Amino acid sequence: MTDVRAVPPGPAGAPGAATETGAPADATAGPAASSPAASGPAASGPAASGPAASGPAASGPAASGPAASGPAATGHALAVSTSGLTKRFRGGQVAVDHIDLAVPRGAVYGFLGPNGSGKTTTIRMLLGLAFPTSGRAQLLGVPMPEGTVRVLPHVGSLIEGPAFYPFLNGRDNLARCDAADRTADPRTAADRINGALDRVGLLAAAGKRYRNYSLGMKQRLAIAAGLLTPRQLIILDEPTNGLDPQGTREVRALIREIAADGITVFVSSHLLAEVEQVCSHVGVMRTGRLVFQGPLEELRRTGAARIRVQTADPAAAAAVLGRLGLPDPQIAGDEVTALLGDFSPERICAELVHAGVGVRGLGVAAPSLEDLFVGLTGEGFDVDG
């Protein structure tokens, strides 16, 4: 469940109290549906972080511009960094095991791993919603959780799914999030709210009740809550989980737009398509351990390419590849493959022809991202988008 320490006081009908029909607040918004301040509007991150709950969630001017400046805006090359971060639960289960994250400023960082690999627990520790057993974490160069009040005004987040008042419309839900910020100027609230709604493409649907929103609209409203003020870092936990293809495309497009403004985006996912299409850097988790971290292209380069030769004389072709020193030649029917190494395909083709081997087809096959991830984690991944 999402942390509920940050629930702002409100009238009857607030999450935890009865709704207008006497039923409890929206129970269909996902596991985090305990309160808007806890996970939907804790999409604003700061709203769900203990002492900073009632202020940093939505401070500052309208959220239509690039990343905000502020006390955490300068002097540190990494937006997120951890050293030996570990979380051990009662009973001895190690959910996160000595991970060292390094998320460059301005990156779209895909935090990838199978369900249960420790992604959400890591994010909760980064935001001060859970305390590490050992290790250190920094957001925007500020130690956490000690720097909660200082840094979380510059961080937006969506953890474990959105949760809003189902009987209120989108604009009124954001107004409640904005009102929870003691530092926000009520005179400019309408501008902030309209700016955030416009940013996520919900301005035309602002008067529609939340219960009538599609899943994609609910996700975008939660992200809008995190954009009520300019941010330097946005943290999204499985933002496309449960969405149909159209909703997934909408969220991906929004992530690209946010990143284009210079905001660092940290997005956890188990969808390879999401990572391939929007992320510049990746970190791969396996049973609580970080097994790879770096630019996406660096991950691609970890897979060794193989040359594939189709010929009527595979034995002769394999002999040529062996004489050239290509490792691991394999014959399967009329096809011969071997690790390409530093050889160029053009040279291999020339050597085959020079040796009198007829070449029907020649190509280079690189392992897919799915192959690389399975090799790193030992588990399959969902490749759908």
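Our subject is the structure listed above.
Keep in mind that this is a model prediction, so the values were computed, not measured.

(A) Region of interest: the environment of Thr82. Structurally, Thr82 is set in strand 1 (residues 78-88). Within the structure, Thr82 has its side chain in polar contact with the backbone oxygen of Ile99 (distance 2.9 Å). Looking at Thr82, its side chain comes within polar contact range of the main-chain nitrogen of Leu101, at 2.7 Å.

(B) Structural detail: the sheet that holds strand 7 (residues 155-158). Spatially, 6 strands are ordered 7-8-9-4-10-11 in an open sheet, and the strand pairing comes out mixed. Looking along the sheet, the strands with just one partner apiece sit at the ends: strand 7 and strand 11 (289-295). Along the sheet, successive strands turn relative to each other by an average axial angle of 15 degrees, direction set aside. Relative to strand 10 (residues 281-286), strand 4 (residues 108-112) is paired through 4 bridges, and the arrangement is parallel. Its bridge partner being in strand 10, Leu112 is matched across the sheet by Val284. Along the sheet, helix 6 (residues 245-260) makes contact with strand 4, strand 8 (233-237) and strand 9 (264-269), crossing strand 9 at roughly 155 degrees. Sitting on the sheet, helix 11 (residues 369-377) is in contact with strand 4, strand 10 and strand 11, with an inclination near 40 degrees to strand 10.

(C) Here's a closer look at unusual backbone geometry. Residues Met144 and Pro145 are joined by a peptide bond in cis, for which omega reads 5 degrees. We note that His98 has phi near 50 degrees; this positive angle belongs to a residue other than glycine. By secondary structure assignment, the location of His98 is in strand 2 (residues 94-99). The backbone of Leu140 sits at a positive phi, close to 55 degrees, despite the residue not being glycine. For Leu140, the location among the structural elements is in the loop between strand 5 (134-139) and strand 6 (142-144). Among the residues examined, Leu140 registers a relative accessible area of 2% and is labelled buried.

(D) Structural view of the pairing of strand 10. The buried fraction of strand 10 is high, at 5 of 6 residues. Sheet topology places strand 10 next to strand 11; 6 bridges connect them, and they run antiparallel. Considered in strand 11, the bridge of Val284 is made with Phe292. Count of turn residues in the strand 10/strand 11 antiparallel hairpin: 2 residues, of which Thr287 carries a positive phi of about 45 degrees.

(E) Looking closely at the pattern of salt bridges. Following the criterion strictly, the structure yields 9 salt bridges and no others. Where Glu238 meets Lys119, a salt bridge forms, and the shortest distance between an N and an O atom there is 3.7 Å. Taken together, the positions of Glu238 in the loop between strand 8 and helix 6 and Lys119 in helix 1 (residues 119-126) put the pair 119 residues apart, joining distant regions of the chain. On the accessibility criterion, Lys119 (5% relative accessible area) is buried. Taking the shortest distance from any N to any O, the salt bridge between Arg199 and Asp261 comes out at 2.5 Å. Pair noted here: Arg199 is in helix 4 (residues 189-199) and Asp261 is in the loop between helix 6 and strand 9, with a separation of 62 residues, a long-range link. The buried category is assigned to Arg199, whose relative accessible area is 13%.

(F) Expanded view of the environment of Glu146. Looking at the element boundaries, Glu146 is found in the loop between strand 6 and helix 2 (148-151). Between the alpha carbons of Glu146 and Gly128 there is a distance of 8.6 Å; along the sequence they are 18 residues apart.

(G) Local environment of the packing of helix 3 (residues 170-179) against helix 5 (residues 215-226). Put simply, helix 3 and helix 5 touch, their axes get as near as 10 Å, and they point 30 degrees apart. Judged by the sense of rotation from one axis to the other, the crossing of helix 3 with helix 5 is right-handed. In this structure, helix 3 uses Gly170, Leu174 and Cys177 to contact helix 5, whose residues at the interface are Leu221, Ala224 and Ala225.

(H) Structural detail: the packing of aromatic side chains. In this structure the tally under the stated criterion is 5 aromatic pairs. Look at Phe111 and Phe266: their rings are 5.1 Å apart centre to centre, the planes differ by 45 degrees, and that puts the pair in the tilted class. With Phe111 in strand 4 and Phe266 in strand 9, this pair connects stretches of sequence that are 155 residues apart. The same class applies to Phe111 and to Phe266, which are both buried. Each ring, one from Tyr210 and one from Tyr213, has its centre 6.1 Å from the other, and the planes form 55 degrees; the classification is tilted. Tyr213 carries the same exposure label as Tyr210, and that label is buried. Ring pairs connect the aromatic residues Tyr109, Phe111 and Phe266, which therefore count as one cluster.

Rules behind the numbers
Residues numbered from 1 in each chain as written. Predicted model: local features only at pLDDT ≥ 70, side-chain atom pairs only at ≥ 80, totals over all residues. Heavy atoms only, no water. Helix = DSSP H or I, 4+ residues; strand = E, 2+ residues; numbered from the N terminus. Polar contact = N/O pair within 3.5 Å; in protein donor to acceptor, adjacent residues only side chain to side chain. Pairing = 2+ DSSP bridges. Axes fitted to C-alpha atoms, helices over the stretch in contact; angles between N-to-C directions. Contact = heavy atoms within 4.5 Å. Buried < 20%, exposed > 50% of the residue type's maximum accessible area, 1.4 Å probe, protein only. Salt bridge = Lys/Arg side-chain N within 4 Å of Asp/Glu carboxyl O. Left-handed = near helix turned anticlockwise from the far one by under 90°. Phe/Tyr/Trp six-rings, centres within 6.5 Å; stacked < 30°, edge-to-face > 60°.

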